[in-house]
Amino acid sequence: MKNKLYFTFTLLTITTVADAATVSVPWWSRPTICKISTKNCYPNMGNGFDTEMWDANNNCWGMKIICADAMIDGAHGDAPMGRNEIAAHANINIDYDTDVLNGGCFGARATKNNGAMVSINGKYVPVWCSGILHTPDDFVAGGEIIASAPTCAELARDGYVAVTNGNCFGKYFDPNDYFIDCANGGNLPTRIVVLNGADISGRIVGGAPYDRAAADAIFREMYSVSATKHAEHFK
């Protein structure tokens, strides 16, 4: 009887020591059949991840924290999401890239052309340099955005042309030095005429054009005559 009791006591002691050693080893380092698969997990987790949450659908620890602005319903702030949800774009705004870290969460507005164009409703539009648009829809890092691009004539009124100016659109041409011709009716001018220092801000004299449309017609006629003469003498 004494030998039997001694054997039982020894077995309990060994089991207790083994359990203590197992608890001290992280789950991902345990060499047992119960080790959780990490093949579907993120290879590295740090800023922008919730490393305490279990992604049941993908059988691994860790979820991406998606920025509130990147979600269709982001009223409750940034939130962790599983990989399947992100892949299916569930509750994610199509204009945002959830692979881009944006502070402590993932989700920045999708861009291209070095940030000169951003996505609005799934379509890339120009980022206008700050101060060009009279009523922008939104503001981004590079300037202002609007769903419907301004026309050439709208921009020309303030001396701007719809071409890139660094990482935004809107190059300025001083109206005292340049005439922006928007005859084609699109977003870009038909041509930009150098005024060669002519002063167009002086007093209107007899025979001068009475409005902008008349002035535009005169400039187009002058340009046409000049082009014809150039073709005759410089072949």
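Residues numbered from 1 in each chain as written. Predicted model: local features only at pLDDT ≥ 70, side-chain atom pairs only at ≥ 80, totals over all residues. Heavy atoms only, no water.

Caption draft 1: A look at the nonpolar core. The biggest cluster of nonpolar side chains holds 16 residues, and the ones touching the most others in it are Val118, Val127, Trp128, Ile145, Leu155 and Phe169. Ranked by residues supplied to this core, first place goes to strand E7 (residues 117-120) with three residues. Once residues within four sequence positions are removed from consideration, Phe169 is found in contact with Ala116, Met117, Pro126, Val127, Trp128, Cys129, Ile132, Ala162, Val163 and Thr164. Formed by 13 residues, the second largest nonpolar core is a distinct cluster that contains Phe49, Ile65, Cys67 and Cys105. (Core = buried A, V, L, I, M, F, W, Y, C linked by side-chain atoms within 4.5 Å. Buried < 20%, exposed > 50% of the residue type's maximum accessible area, 1.4 Å probe, protein only. Helix = DSSP H or I, 4+ residues; strand = E, 2+ residues; numbered from the N terminus. Contact = heavy atoms within 4.5 Å.)

Caption draft 2: Representation of the state of the cysteines. Evaluation of the coordinates by the stated rule reveals three disulfides. Note that Cys129 is cross-linked by a disulfide to Cys168, the S-S spacing being 2.0 Å. For the disulfide bridge between Cys129 and Cys168, the dihedral angle about the S-S bond is near 90°, and by the sign convention the bridge is right-handed. Here Cys168 lies in the loop between strand E11 (160-164) and strand E12 (169-172) and Cys129 lies in the loop between strand E8 (123-126) and strand E9 (138-140), a separation of 39 residues in the sequence. In terms of burial, Cys129 and Cys168 fall into one category: buried. Between the sulfur atoms of Cys152 and its disulfide mate Cys182 the distance is 2.0 Å. Of note, the bridge from Cys152 to Cys182 carries an S-S torsion of about -65° and is left-handed in sense. You can see Cys152 sitting in helix H3 (residues 152-156) and its partner Cys182 sitting in the loop between strand E13 (178-181) and strand E14 (191-194), a full 30 residues away along the chain. (Disulfide = S-S within 2.5 Å.)

Caption draft 3: Spatial organisation of the pairing of E8. Sheet topology note: the E7/E8 ladder contains four bridges and is antiparallel. Residue pairing across strands places Ile120 opposite Lys123, the latter belonging to E8. (Pairing = 2+ DSSP bridges.)

Caption draft 4: Quick peek at the side chain of Asp95. Tracing the chain through its elements places Asp95 in the loop between helix H2 (83-87) and strand E4 (96-102). Here Asp95 sits buried without a salt bridge, and the closest side chain of opposite charge, Arg109, lies 4.3 Å off (N-O distance). Looking at Asp95, its side chain comes within polar contact range of the side chain of Ser119, at 2.6 Å. A distance of 2.7 Å separates a polar atom in the side chain of Asp95 from the backbone nitrogen of Gly122. When near neighbours in sequence (up to four residues on either side) are disregarded, Asp95 contacts Ala108, Arg109, Ala110, Ser119, Ile120, Asn121 and Gly122. (Lys, Arg positive; Asp, Glu negative; His and termini not counted. Salt bridge = Lys/Arg side-chain N within 4 Å of Asp/Glu carboxyl O. Polar contact = N/O pair within 3.5 Å; in protein donor to acceptor, adjacent residues only side chain to side chain.)

Caption draft 5: Focus on the packing of aromatic side chains. For the coordinates displayed, the defined rule picks out six aromatic pairs. Chaining the aromatic ring pairs together yields one cluster made of Tyr42, Phe49 and Phe106. Between the NZ or CZ atom of Lys64 and the centre of the ring of Phe106, over which it lies, the distance is 4.7 Å. (Phe/Tyr/Trp six-rings, centres within 6.5 Å; stacked < 30°, edge-to-face > 60°. Lys NZ or Arg CZ within 6 Å of the ring centre and 35° of its normal.)

Caption draft 6: Just the environment of Glu144, in detail. Within the secondary structure layout, Glu144 lies in strand E10 (residues 143-145). In the structure, Glu144 is positioned 18 residues away from Pro126 in sequence and 8.6 Å away in space, judged by C-alpha atoms. Once residues within four sequence positions are removed from consideration, Glu144 is found in contact with Pro126, Val127, Trp128, Cys129, Ser130, Gly131, Ile132, Leu133, Pro136, Asp138 and Phe139.

Caption draft 7: Structural view of the layout of surface pockets. Here the second largest pocket is characterised by a volume of approximately 210 Å³. Together, 13 residues line the second largest pocket, and Thr111, Val118, Val140, Ala141 and Gly142 are the ones closest to its centre. Looking at the lining of the second largest pocket, the element that brings in the most residues is E9, giving three residues. (1 Å grid on protein atoms, 1.4 Å probe; cavity = no way out; pocket = protein on both sides within 12 Å on 5 of 7 lines; lining within 4 Å. Points joined across faces, edges and corners; volume = space filled by probe spheres on them.)

Caption draft 8: Structural view of the side chain of Thr98. You can see Thr98 is positioned in strand E4. Residues in contact with Thr98, not counting those within four places in the same chain, are Lys64, Ile66, Ile86, Ile92, Phe106 and Gly107.

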